[in-house]
Amino acid sequence: MNTQITRVFGLIVVLFALLILWTTRWTVIDAKSLRNNSLNDRTLVQELRIKRGQILADDGTVLARSVRQAGDTWARTYPTGPKFAQVIGYSLPRTGQAAGLELSRGEELRGVQTGLSSVFGPLTSNRVGDDVETSLDPKAQQVAIQGLAGRAGSVVALNPKTGSVYVMVANPGYDNNHPDAPGTTQFNRSTQANYPPGSTFKIVTATAAIDSGKYTPNSVVNGDSPKLISGVPLANDGNKSWGDIDLTTALTYSVNTVWAQVAESVGRATMTKYMKRFGFYSSPPLDYPPDEIRASDVHSLVTGRPLPPASPNEDIGRIGIGQGGLQVTPLQMALVAAAVANHGVLMVPHFMTKAVNQDGQTVETVHPTVWHTVMQPSTAAEITQMMKRVVEEGTGTPAQLGNVSVAGKTGTASVGPTGSNLTQPWFIGFAPVNDPKVVVAVTIERTQGGFGGTVAAPIAKNVIQTLLAEGK
Amino acid sequence: MSARNRELIGLIPASLLVTAGFAGVFIQRSNALSNVSLTYGAIFLGLCLATHIFIRMTLPHADPYMFPLVALLASFGIVMIYRIDSTLARQQAQWFVLGLVLFAVTIVWCRDYRKLERYRYVIVVASLVLLVLPRLPHVGYQANGAYLGVRIPGLFVFQPAEFAKIGLVIFLASYLRDTRQAMVMGARRFLGITIPPLKHFGPVLVFWGFAMLVLILLHDIGSSLMFYGALLAILYVATGRLSFVVVGLAAFAIGAWYLGTHIPHVHDRVEAWLHPLDPTLYNRTGGSFQLANAIFAQAAGGLFGEGFGQATLTIPGTHFILLPAPQTDMIYAVITDELGLFGACAVILTYLLFAARGFKTAVLARDSFSKLLATGLTAVFALQVFVIVGGVTRVIPLTGVTLPFISYGGSSIVANFVLLALLLLVSDRARRPA
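Everything quoted here is computed from the prediction, not taken from an experiment.

Scoring rules and cut-offs
Residues numbered from 1 in each chain as written. Chains lettered and ligands numbered in written order. Predicted model: local features only at pLDDT ≥ 70, side-chain atom pairs only at ≥ 80, totals over all residues. Helix = DSSP H or I, 4+ residues; strand = E, 2+ residues; numbered from the N terminus. Buried ≥ 20, exposed ≤ 12 C-beta atoms within 10 Å, placed from the backbone. Contact = placed C-beta atoms within 7 Å. Nonpolar A, V, L, I, M, F, W, Y, C, P; charged D, E, K, R; others polar. Expected span 1.5 Å × (residues − 1). Axes fitted to C-alpha atoms, helices over the stretch in contact; angles between N-to-C directions. Parallel < 35°, antiparallel > 145°, perpendicular 65-115°, else oblique. Left-handed = near helix turned anticlockwise from the far one by under 90°. Pairing = 2+ DSSP bridges. pLDDT = per-residue confidence, 0-100. Core = buried A, V, L, I, M, F, W, Y, C linked by C-beta atoms within 7 Å. Arc of directions from axis to C-beta.

What to know about the overall build of chain A
Then step 1. Counting secondary structure elements, chain A contains 17 helices and 22 strands.
Then step 2. When each of the 472 residues of chain A is scored for burial, the buried share is 52%.
Then step 3. Pairs at least 24 residues apart make up 67% of the contacts formed inside chain A by residues separated by at least 6 positions.

Following this line, the structure appears as structure tokens:
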């Protein structure tokens, strides 16, 4: 009988080994996927128990902070509300909703997990996240909001040397303390809009023309109006014929027929190459949720669908003057100016400058990194001089800033049905010209015949002035 | 060193655990260590010491490790229950006292436990009545679709199956002691399988029918697996025929499959077992919510666990219960959540050590009845652990039996102390110098 008893014990050992095996399966092997299972409310509870870090502006203004709730949990509040709503976004773990920096920098805000604690699971449930410090500038943001004065549109300002974003305003917006309030929108025009860039795009065309070696700023092109572009007549503003003029003059006065011819002569392939270098056709690598940022590209005017890069269906002449189905974000146009301002090198744009833990130690620093080298420094210098002339004596004079020289380009895209007077004014630019510190892009939707120079440039001027006055 | 001194030393881990555990829970609740917690700990340790002295006086030769292992499990249980609900812990402590009283009564009354053989038919009838009680109107009590409880009006809900398991083991050990020779002698071999003569194979069929009856009556796969497994273990040890076990298990599997697809409650349990993370099953009443959350709780524990008092049992700020029945069926999930894989393994290994001592007692026992009794009691105890832990870890469908000595529940504590008393009685006789 003793043999049988030993065997029964052996069976019990096997059964208990199964129990340990299965416990191991849930606690270790499948633990990660179980913790992330959508049915698992424990993950939610743990999320609620994390004291997320603050989000701070560069002057220390608190843009988001955690407040204690019942049951040892935390909720978010946004002291600046609508002012930075689209950039900061919100975090609502109870419903699983999150947007903006709250989403894209969630890892830092929830606290960077060390290797040890991510292997062995949370050793403590009282997790405290890291503070995220941003380059956002509340004063300049306020100036931009006042500049838009309630009109739909967008203002983006950033540092061309580092890619740090100072200002991002999109109007209309919402209050991130009440993200789903009726009559408000979370749509961020600065990163998600599909605007025609108008003449501001001539900077891209000029870069392609000069950097490819086909043209110089002094190359002469006939600027009579109208000209046949893709077989359809294209006119200058006021149907004015400029005769033979050089490219600098053509940019200063934004002569459409010249730039359309230049774009056709440079050709689709080269134009597309430079567009890609400026960042078109890909989402800018901003620390912002991928769902809330789109790539600027070209859409078919017939079907409305995106055209593949360098599609034979493109009207490259009209694209060269910022029409022809181009759909851009204000952020992308700011990046165009930034590449010129930073001697042809386009930096990766970012909001966060560093993450600081609760002991005041910096746990993560965002170092300036190059996204694309767009053009040779000599080209950048030539484009800068041309853009300087735009503000000195051309369409962009309202952006003049006393003793600080400003380089810029205006745009006035026609929107709405043919024959309507609806325009979308633009201004992109940077200052000071000899050592660019601030880049700005401003646009306003659907004005009654407003021009980029008269409507958008003054806003850009105020934002630049505010940022430079702060020592940026 | 004498057996009793080894037992005394064996109580040290339990005393350390109960002290550290209470302190841990208190620190987590950010209260200062209060006198109350020390009193709880002191009373618990006093009880253990008193029991030790009682064993020293009455059963000087009994196995020295069983009681310390039980004390370890019980201290583990009382700390976990205290962490879940301090009121329940006080009640559990009262049940603990009653359990120890019955433990003493069993040892004194059944000093010569072999006289139980004389009452075997009384015992088996009483056990079967106990099993049927929960199905009777007015007294029966249904929890989550299974019939496992009897309500004593105004007092408490009592789980007769906990006592029935002991009675059935006593009966079977006694019955098979008499018939085991006959069952083997007349057997024929057919296709390599030993087939006992039908008249002796009858009892096996009766056991099978009985297990199915339990399944039908209690709506509970786990309980019937526990009973039937123990019956097969005794049958195997008594006859030495593996074929009985194989045929028996096959018959059980067929029966369980048939009933599992035909009793709605059992079917639900099987469905939840197969697809615990299916959203429709998860959200259905009587679906997989409990099992899924048991698994989520274990996942939250990881290797080392979240620490005493840290498991999430309700959603903070609400009364929404995340883990139903944390102090009874789900206590293993709470242990794994708070103490991790290592803590859970410690519990399983403690049970395994207890089972090892139980089977060792059976090996040392000198007569067949004692051997079968010790085997049966140990097997039913170990299978109960397997059924509930296996249910919580999704090895088998989940059933509502208790984790012996750890789960909250008077019937379970008291019945398992009686089981311990019987094992120690067998052990004392077996180890007594001739």
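Having put the structure on the table, let's press on.
Some details on the environment of lysine 360 of chain B
Residues and elements named next belong to chain B.
Then step 1. Relative to the elements of secondary structure, lysine 360 occurs in helix H13 (residues 331-364).
Then step 2. For lysine 360, a count of 21 C-beta atoms within 10 Å corresponds to the buried category.
Then step 3. Put simply, lysine 360 and threonine 375 are 15 residues apart on the chain and 9.1 Å apart in space, counted from C-alpha to C-alpha.

Quick notes on the interface of chain A and chain B
Then step 1. Every contact between the two is made by 39 residues of chain A and, on the other side, 47 residues of chain B.
Then step 2. Elements with a contribution of two residues or more to the side of chain A that touches chain B: helix H1 (2-29), helix H2 (31-35) and helix H3 (41-49) of chain A.
Then step 3. For the side of chain A that touches chain B, the leading source of residues is H1 of chain A, giving 18 residues.
Then step 4. Among the residues forming the side of chain A that touches chain B, the class breakdown is 22 nonpolar, 12 polar and five charged.

Looking at helix H15 (residues 330-341) of chain A
One turn of the α-helix equals 3.6 residues, which is why residues spaced by three or four share an orientation.
All names here are of chain A.
Then step 1. With 12 residues, H15 ought to run about 16 Å at 1.5 Å a step, and its terminal C-alpha atoms sit 17 Å apart, in line with that.
Then step 2. Across the 12 residues that make up H15, a large majority, 12, are buried.
Then step 3. One or two steps after H15, the chain reaches histidine 343, where phi turns positive at roughly 60 degrees.

Structural notes on the packing of helix H10 (residues 202-211) of chain A against helix H16 (residues 377-393) of chain A
All names here are of chain A.
Then step 1. At a minimum axis distance of 10 Å, the contact between H10 and H16 shows a crossing angle of 135 degrees. Judged by the inter-axis angle, H10 sits oblique to H16. When the axes of H10 and H16 are compared, the crossing they make is right-handed. For the pair H10 and H16, contact is made by Ile203, Ala206, Thr207, Ile210 and Asp211 and by Thr379, Glu382, Ile383 and Met386, respectively.
Then step 2. Class assignment for the residues of the contact of H10 with H16 results in five nonpolar, two polar and two charged.

Considerations on the sheet that holds strand S6 (residues 131-134) of chain A
Residues and elements named next belong to chain A.
Then step 1. What the six strands build is an open sheet, ordered S3-S2-S1-S6-S16-S17; its pairing is mixed. Looking at the sheet topology across the chains shown, the edges are occupied by strand S3 (73-77) and strand S17 (362-365).
Then step 2. With five bridges connecting them, strand S2 (residues 62-69) and S3 associate as antiparallel partners. Each residue of the ladder has a partner; that of glutamine 69, found in S3, is threonine 73.

A look at the environment of tryptophan 242 of chain A
All names here are of chain A.
Then step 1. Note on placement: tryptophan 242 falls in the loop between strand S11 (232-234) and strand S12 (244-246).
Then step 2. With 17 C-beta atoms counted inside 10 Å, the residue tryptophan 242 sits in the partly exposed group.
Then step 3. Other than its neighbours up to four places away in sequence, tryptophan 242 contacts Gly223 and Val255.

A short note on the confidence of the model for chain B
Then step 1. Confidence in the prediction for chain B averages 83 pLDDT; 86% of positions are at 70 or higher.
Then step 2. Both scores are given for the predicted complex: the pTM is 0.68, the ipTM 0.91.

Points about the packing of helix H4 (residues 86-109) of chain B against helix H15 (residues 410-431) of chain B
All names here are of chain B.
Then step 1. Viewed as axis vectors pointing N to C, H4 and H15 meet at an angle of 30 degrees, and their least axial separation amounts to 8 Å. Accordingly, the angle class assigned to the pair H4 and H15 is roughly parallel. Here H4 and H15 pass one another in a crossing that is right-handed. Residue-level contacts link Trp95, Phe96, Leu98, Gly99, Leu100, Leu102, Phe103, Thr106 and Ile107 of H4 to Gly410, Ile413, Val414, Phe417, Val418, Leu420, Ala421, Leu422 and Leu425 of H15.
Then step 2. Residue composition of the contact of H4 with H15, grouped by class: 15 nonpolar, three polar and no charged.

Details of the nonpolar core
Then step 1. In terms of nonpolar packing, the biggest core is built from 148 residues, with Val169, Ala230, Ile234, Val334 and Leu422 of chain B touching the most fellow members.
Then step 2. Among all residues touching valine 169 of chain B, those that are not within four sequence positions of it are Ala230, Leu373, Gly376, Leu377 and Val380 of chain B.
Then step 3. Of all hydrophobic cores here, the second largest spans 111 residues; its members include Leu109, Ala206, Ala334 and Val440 of chain A.

Brief notes about the confidence of the model for chain A
Then step 1. A residue-level look at chain A finds 97% of positions with pLDDT of 70 or above and a mean pLDDT of 92.
Then step 2. Of the regions scoring below 50 in pLDDT, residues 114-125 of chain A engages in 15 contacts with residues more than four places distant in sequence or in other chains.

Points about the pairing of strand S16 (residues 352-356) of chain A
All names here are of chain A.
Then step 1. Here S16 lies mainly inside the structure; four of its five residues are buried.
Then step 2. Two strands pair when backbone bridges link them, and S6 and S16 are joined in this way by four bridges, in the antiparallel orientation. Note that in S16 the partner of glutamate 133 across the bridge is lysine 354.
Then step 3. Summarising the sheet, S16 and S17 pair through three bridges and their orientation is antiparallel. Bridge pairing in S17 places valine 356 opposite threonine 362.
Then step 4. In this antiparallel pair of consecutive strands, S16 and S17, the connection spans five residues, and glycine 360 shows a positive phi of 85 degrees.

Looking at the environment of valine 62 of chain A
Residue and element names in this part refer to chain A.
Then step 1. Inspection of the secondary structure assignment puts valine 62 in strand S2.
Then step 2. Considering only alpha carbons, one finds valine 62 and proline 79, 17 residues apart in sequence, at a separation of 6.8 Å.
Then step 3. When sequence neighbours within four positions are dropped, the list of residues in contact with valine 62 reads Gln54, Leu56 and Pro79.

As for the pairing of S2 of chain A
Regular strands place their side chains on alternate faces of the sheet.
All names here are of chain A.
Then step 1. The sheet contact formed by strand S1 (residues 55-56) and S2 spans two bridges and is antiparallel. Residue pairing in the sheet places isoleucine 55 in a bridge with alanine 64 of S2.
Then step 2. Counted along the chain from S1 to the antiparallel partner S2, the turn is five residues long, and its residue glycine 60 has a positive phi close to 90 degrees.

Things to note about helix H10 (residues 264-274) of chain B
Residue and element names in this part refer to chain B.
Then step 1. Listed in full, the buried residues belonging to H10 are Val266, Asp268, Arg269 and Ala272. Buried residues of H10, seen end-on, are gathered within an arc of 155 degrees and therefore sit on one face of the element. The outward face of H10, more than 90 degrees from its buried face, is lined by the exposed residues Pro264 and Leu274.

Concerning unusual backbone geometry
Then step 1. In the segment running from asparagine 171 of chain A into proline 172 of chain A, the intervening peptide bond is cis, with an omega of 0 degrees.
Then step 2. By the secondary structure assignment, proline 172 of chain A is in the loop between strand S8 (165-171) and helix H9 (189-192).
Then step 3. With phi around 55 degrees, asparagine 239 of chain A is a residue other than glycine that occupies positive phi space.
Then step 4. Its place among the elements puts asparagine 239 of chain A in the loop between S11 and S12.
Then step 5. The backbone of alanine 325 of chain B shows a phi angle near 55 degrees, a positive value even though the residue is not glycine.
Then step 6. Within the secondary structure, alanine 325 of chain B is located in the loop between helix H12 (289-301) and H13.

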